[in-house]
Amino acid sequence: MIRRRSTITTAAIVLATICLSVSLLQFKQQTSNDSDDATASSPLLRPQHPHQQRHRQLSLPYHNEDHSIPTNKAIQKLHTSYNTAGPLSAPINPHLISPYTLEDVLSVIPTFHDIFGVVIYDPPSDKFILHYSNNMRWIAGCHKLITSFQALSHSLRQMFPERFNKDATPNVPELALALSSGDYPGVGHNDCYVGLQSPPCVPTNLAPVLQFGSAFKSPDIYPTMISMPMAQINHVSCYQTFAAHSMVCPYYLPRSPGNPQGLVFEETVGLHWDNLIPQVVWRGTDFSYLHRLYPRLRQPDFEMDVGSKLTKIPYEFNVKVAATRAMREVYDQLIPRWKSVVWTAEAEREAEEKMRELASAGDGSSEEVVILPWANMKFAAAMHVGVKTPTSDLPYYQEFEEHGIPAIGEGMSLETLAQYKYHIDTGGGGGTTWSGTLEKLGLPGLLFHHETPMKDYLHDKLIKWVHYIPIKEDLSDLKEKFDWAESHPELAKQISDNATKLAKALGTPEGFSIMYKEFYDTPLRSVVEAYQPLKPQDGSETPVDWKEAMSAIIGQDEFLRPIMSCAGYYGHDCEGLVTDLEFSRAARHGATG
């Protein structure tokens, strides 16, 4: 695209999560879908537990979704319904939780291989106790389980003051909860899970699992998994704060000198839609992508994918063009964030060619204009020996950059990103981007939302073509959707404005209370109320020893040990019970931020 040198200004993005009226939800079901366009097999679970029953085979049509562009009339109808309903007005689908027992909770254990715990409220000590299986790995991501447990304990105490009060309630019973966390659920990875072996795979009678992190978009994969706010300070900690004090976190309020952590809106940076830079921009970290679902997707190898092919081209041939073509040849093998780099490389080659054409015209026009590549998606950082490092400091990325593959990008603040008209929230290791989507809700541009098999809880409030433009998992329709937005500026701006309304609604007590009710209060109350405490066989009122019951259920093959306890009265009254596990700094001091 062409921009006059003298008028180049800056721009931004926005897209939000918001709910609509029943008519919008019906339209959503009829005209659009939520899954991706990849070709990997559906993830399935094969638990090995003596109590599992009634299994079913799953067939998940991930890759038959309709990503076509609706008619202008259909989009306008959506927007009219949205404006009538208002932000956050439509309810999400309720969680239908069947009664469950301690045995049902313990039956969940074999379906996970890490980042999973069993939470027990112990009446004698009046504490919540987190148990972790000796048969599971303790990995770095387990600090998110600890953060989730601490927030959960504190919230349960605040929400159920009578239920968890041994002094006020005679013979107060135990409570057992299944808790998981992480960028991606730590479910068991085996042949059945990736669809290479015949089911049975998933029990239909599992206890509910509170997943504080990204969860499966399709409820058929793990039917009892409940998507909860992510184990991050601007998510679960904000809901914990609201449960205790009915206060909205600063992360959801407008950014200002007194609130540097807030969201950035159009008025924050003084930018208008018409002055935004018309590029699809992204900056982020080079992570893996859903490696359990797509083990064959990879990052590129320069020598194998590019260098070996450059040795075969004529000397006079443009090396950047040849390298870009070589990257396109392996496009289908690359993880999405590297696919976006390929799009950027091609956009830069196209812009360079158009500039050469202008220069060859000889009329001086090339000195008056700048042709911007439509794509500007690059890596600002990568993990190197466990440390997030600028890509400009790493030889791996430098080699691509030297051959015209724009893998290296400068870091951008939200204020800088706000200068661009189009944004994309390309998924990382867990298939989503925990902070990116939330932060991009308030920017003054338009969000291209990367649709994958995974979701975060707030995605349930996002309606495609109302708050964002959906992009296939393999990004193959990104250019087409960009061209549509450029040719339909009024509709594109309406989508951006709708997103801004949602983002601003989240920062109000009324708006956040709706999110709190739907994504925190209601699921927690449903799970607690569905639990069936242990009962003595003689019909007496004497409490049953849950420790003895648990030992009898799990037998000798499984050993759950208590690793942390929290009283839940304060945000810092947790205590580590073991010394051989590496907790996070926050966990050791019992703080959730």
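To be clear, the structure that these remarks concern was listed above.
Residues numbered from 1 in each chain as written. Predicted model: local features only at pLDDT ≥ 70, side-chain atom pairs only at ≥ 80, totals over all residues. Heavy atoms only, no water.

**Q** Can you help me understand helix α9 (residues 336–361) in this one?
**A** It helps to recall that an α-helix has 3.6 residues per turn; residues three or four apart then point in one direction. Compared with an ideal rise of 1.5 Å per residue, which puts 26 residues at 38 Å, α9 spans 38 Å between its outermost C-alpha atoms and is within 8% of the ideal. Residue Gly 362 follows α9 closely and has a positive phi angle near 70°. (Helix = DSSP H or I, 4+ residues; strand = E, 2+ residues; numbered from the N terminus. Expected span 1.5 Å × (residues − 1).)

**Q** Would you explain helix α16 (residues 546–554) in this entry?
**A** When we look at burial in α16, the residues that qualify are Trp 546, Ala 549, Met 550 and Ile 554. On an axial view of α16, the arc spanned by its buried residues comes to 115°, and they lie on one face. For α16, exposure combined with an orientation more than 90 degrees from the buried face picks out Glu 548 and Ala 552. In this structure, the buried residues of α16 make contact with α3 (102–106), β3 (116–122), β4 (127–133) and β18 (560–566). Where α16 begins, the capping side chain belongs to Asp 545, and its oxygen is found 2.9 Å from the backbone nitrogen of Lys 547. (Buried < 20%, exposed > 50% of the residue type's maximum accessible area, 1.4 Å probe, protein only. Arc of directions from axis to C-beta. Contact = heavy atoms within 4.5 Å. Polar contact = N/O pair within 3.5 Å; in protein donor to acceptor, adjacent residues only side chain to side chain.)

**Q** Before we go on, may I ask you to explain the nonpolar core in this structure?
**A** Within soluble globular proteins, side chains that are nonpolar tend to cluster in buried spots. Core analysis: the biggest nonpolar cluster contains 153 residues, and Tyr 252, Trp 338, Phe 448 and Tyr 520 have the highest contact counts within it. Tallying contributions element by element places helix α15 (residues 509–530) first for this core, with 9 residues. Not counting residues within four places of it along the chain, the set of residues in contact with Tyr 520 comprises Ala 151, Leu 152, Ser 155, Phe 212, Met 228, Pro 229, Val 236, Tyr 239, Gln 240, Ala 243 and Met 515. Residues Val 264, Val 370, Leu 372 and Ala 418 belong to the second largest nonpolar core, which totals 11 residues. (Core = buried A, V, L, I, M, F, W, Y, C linked by side-chain atoms within 4.5 Å.)

**Q** How do you make sense of the sheet that holds β4 when you look at a structure like this?
**A** Strand pairing within a sheet occurs via backbone hydrogen bonds; the two strands may be parallel or antiparallel. Read from one edge to the other, the open sheet built from 7 strands follows the order β9-β7-β5-β3-β4-β18-β19, with strand pairing classed as mixed. Two strands lie at the open edges of the sheet, namely β9 (225–228) and β19 (574–576), each paired on one side alone. Across this sheet, the average inter-strand angle for adjacent strands is 30°, counted without regard to direction. Across 5 bridges, the pairing between strand β5 (residues 175–182) and strand β7 (residues 209–213) is parallel. When the sheet's bridge partners are listed, Ser 181 is paired in β7 with Phe 212. Packed on one face of the sheet, helix α4 (residues 142–159) meets β3, β4, β5, β7, β18 and β19 and runs near 140° to β5. (Pairing = 2+ DSSP bridges. Axes fitted to C-alpha atoms, helices over the stretch in contact; angles between N-to-C directions.)

**Q** Help me understand the sheet that holds strand β14 (residues 420–424) in this model?
**A** Read from one edge to the other, the open sheet built from 6 strands follows the order β13-β12-β10-β14-β15-β17, with strand pairing classed as mixed. The sheet terminates laterally at β13 (387–390) and β17 (469–471), the two strands that pair on one side only. The average angle at which neighbouring strand axes cross in this sheet is 30°, direction not considered. Note that strand β10 (residues 277–286) and β14 share 3 bridges and pair parallel. Residue pairing for β14: Val 281 is matched across the bridge by His 423. Strands in contact with α9 are β10, β12 (375–384) and β15 (446–450); relative to β12, the strand with the most contacts, it is inclined by about 140°. Running over the sheet, helix α13 (residues 478–487) touches β10, β12, β14, β15 and β17 and is turned about 165° from β17.

**Q** In this structure, what is going on with the pairing of β12? I would like to understand it.
**A** Each regular strand shows side chains that alternate between the opposite faces of the sheet. When you tally the buried positions in β12, you get 8 out of 10 residues, the bulk of the element. Pairing of β10 with β12 involves 7 bridges; the strand directions are parallel. By the bridge assignment for β12, Val 281 is matched with Asn 376. Bridge analysis of β12 against β13 gives 4 bridges, and the strand direction is antiparallel. Bridging across to β13, Met 383 finds its partner in Lys 388. Remark: 2 residues form the turn of the hairpin made by β12 and β13, two consecutive strands paired antiparallel; Val 385 in that turn has positive phi of roughly 45°.

**Q** Explanation requested: the packing of aromatic side chains in the structure shown.
**A** Aromatic ring pairs: the centre-centre distance and the angle between the two ring planes describe each pair. Within the structure shown, the criterion is met by 34 aromatic pairs. Plain terms: the ring middles of Tyr 239 and Phe 512 are 4.8 Å apart, the flat faces sit at 40° to each other, and that makes the pair tilted. With a gap of 273 residues between them, Tyr 239 in helix α5 (residues 236–245) and Phe 512 in helix α15 connect regions that are remote in the sequence. We classify Tyr 239 as buried; its relative accessible area is 0%. Each residue in the set Tyr 239, Phe 242, Tyr 252, Tyr 457, Phe 512, Tyr 516, Phe 519 and Tyr 520 is aromatic and connected to the rest through ring pairs, giving one cluster. We note Arg 328 situated over the ring of Tyr 331; from NZ or CZ to the ring centre the distance is 4.2 Å. Over the aromatic face of Tyr 331 sits the side chain of Lys 339, whose NZ or CZ is 4.5 Å from the ring centroid. (Phe/Tyr/Trp six-rings, centres within 6.5 Å; stacked < 30°, edge-to-face > 60°. Lys NZ or Arg CZ within 6 Å of the ring centre and 35° of its normal.)

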